[in-house]
Amino acid sequence: MIKLVAIDMDGTLLDSRKELPDENRDTIEEYAKKGIMFAFCTGRVMNEIQLIWDKLPSVNYAVTCNGSLVYDISDRKQFRQIHGDTLTMEEVRDIYKFIDKLGYPMMFELQADGVVYAEKESIAHPEWYEIEYIRELLKETRVPVQNMKSYIYERTEDVGKINIFFPNMQIRNQVLEQLKVLDYDLAYSEPTNLDINKKGSNKGRGLEMLMRHLNLMAREVLAIGDNFNDIELLQTTPNSVAMGNAPQEIKDCANYITKSNDESGVAYAIKKFCSL
């Protein structure tokens, strides 16, 4: 019997316009009333999740920053951290120096303190990184800093995750290959982005920490995802579902394929698995 449903957001819970389909919302609320628990399981940080959490009051948990920070969000005004596996600023500086030496333009972001820090000029020009489609999201969720390099050397507190946008997918892939010599978890969820987490910190690990907190076994969990930062998430439970819009490599990691995110594939999967 399924007791917890862990759902990726972008490309999964949200449609291609980054909006929440009514059918997904209604299905989650319906099954929550039957006693099933729900968790966001996302690369997003808390202020990005807050954009939609009012529409889903029954989602009580959040695995954020690709698993590095896990929260109980049942109290929306005072959420409680369950697990943390963060990057020190010394590690952040080493990563920044390594990538900066490669000489590629980049939008270097720090996910920390429940928000996303990004350079002011980059926020104003998403077209530089082929992310015009999230222009409004950037405006709503990014905290601008005048100079990211200076901020990195001034900041002392740990961060949950580094996210970087590059001018195109080819450059992202080149940097990804170069970074493999460093000991960090690397993933991506958008055409030009790269996520960097502490080694071993991923959505699967974050979900495992939540399962431990809730005293759940793998067979009691349903996981739904669509992209390369969802691989470990899908490997955490035998009840793994890939979206119809997922790349074939992700579909190959799952035990079931649902409809696409524009067809409310999350609702379809919940009804199939949670009605058993």
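Residues numbered from 1 in each chain as written. Predicted model: local features only at pLDDT ≥ 70, side-chain atom pairs only at ≥ 80, totals over all residues. Heavy atoms only, no water.

**Comments concerning the state of the cysteines**
Between two cysteines, a covalent bond joining their sulfur atoms is known as a disulfide. A complete count under the given rule lists zero disulfides for this structure. With no disulfide partner, Cys274 has as its closest neighbouring cysteine sulfur the one in Cys41, 15 Å distant. (Disulfide = S-S within 2.5 Å.)

**Quick word on the environment of Met107**
By the element assignment, Met107 lies in strand β6 (residues 107–112). Residue class for Met107 comes out buried when judged on its relative accessible area of 0%. Put simply, Met107 and Ile82 are 25 residues apart on the chain and 30 Å apart in space, counted from C-alpha to C-alpha. If near-sequence neighbours (up to four positions away) are discounted, Met107 is found in contact with Ala118, Ser122, Ile123, Tyr129, Ile131, Leu138, Asn163, Ile164 and Phe165. (Helix = DSSP H or I, 4+ residues; strand = E, 2+ residues; numbered from the N terminus. Buried < 20%, exposed > 50% of the residue type's maximum accessible area, 1.4 Å probe, protein only. Contact = heavy atoms within 4.5 Å.)

**Things to note about the sheet that holds strand β1 (residues 4–7)**
The strands that make up a sheet pair up through hydrogen bonds in the backbone, lying either parallel or antiparallel. The mixed open sheet is built from eight strands, whose spatial order is β5-β4-β3-β2-β1-β12-β13-β14. Each edge of the open sheet carries a strand with a single partner, namely β5 (80–84) and β14 (256–257). Pairing of strand β13 (residues 239–242) with β14 involves two bridges; the strand directions are parallel. Pairing of Val241 across the sheet is with Tyr256, part of β14. (Pairing = 2+ DSSP bridges.)

**Let's talk about the pattern of salt bridges**
As enumerated under the stated definition, the model contains 23 salt bridges in all. Between Arg142 and Glu109 there is a salt bridge whose closest N-O contact spans 2.8 Å. Of the two residues, Arg142 is situated in strand β8 (residues 142–145) and Glu109 in strand β6; the sequence distance between them amounts to 33 residues. Given the relative accessible area of 9%, Arg142 is considered buried. Judged by relative accessible area, which is 0%, Glu109 ranks as buried. Linked by salt bridges that have partners in common, Asp10, Lys18, Arg44 and Glu190 make up one network. (Salt bridge = Lys/Arg side-chain N within 4 Å of Asp/Glu carboxyl O.)

**Looking at the sheet that holds β6**
What the six strands build is an open sheet, ordered β8-β7-β6-β9-β11-β10; its pairing is mixed. Edge positions in the sheet fall to β8 and β10 (184–187), since each of these pairs with one other strand and no more. Direction aside, the axes of adjacent strands within the sheet are offset by 25° on average. With three bridges joining them, β6 and strand β7 (residues 115–119) adopt antiparallel strand pairing. Within β7, the position partnered with Ala112 by the bridge is Val115. Lying over the sheet, helix α4 (residues 89–100) contacts β6, β9 (161–165), β10 and β11 (193–198), oriented at roughly 165° with respect to β6. Sitting on the sheet, helix α8 (residues 169–179) is in contact with β10 and β11, with an inclination near 20° to β11. (Axes fitted to C-alpha atoms, helices over the stretch in contact; angles between N-to-C directions.)

**Digging into helix α12 (residues 265–274)**
Side chains three or four residues apart in an α-helix point the same way, a direct result of the helix having 3.6 residues per turn. By the criterion of burial, α12 is predominantly enclosed, with seven of the 10 residues buried. Looking at α12, one finds that the buried residues are Gly265, Val266, Ala267, Ala269, Ile270, Phe273 and Cys274.

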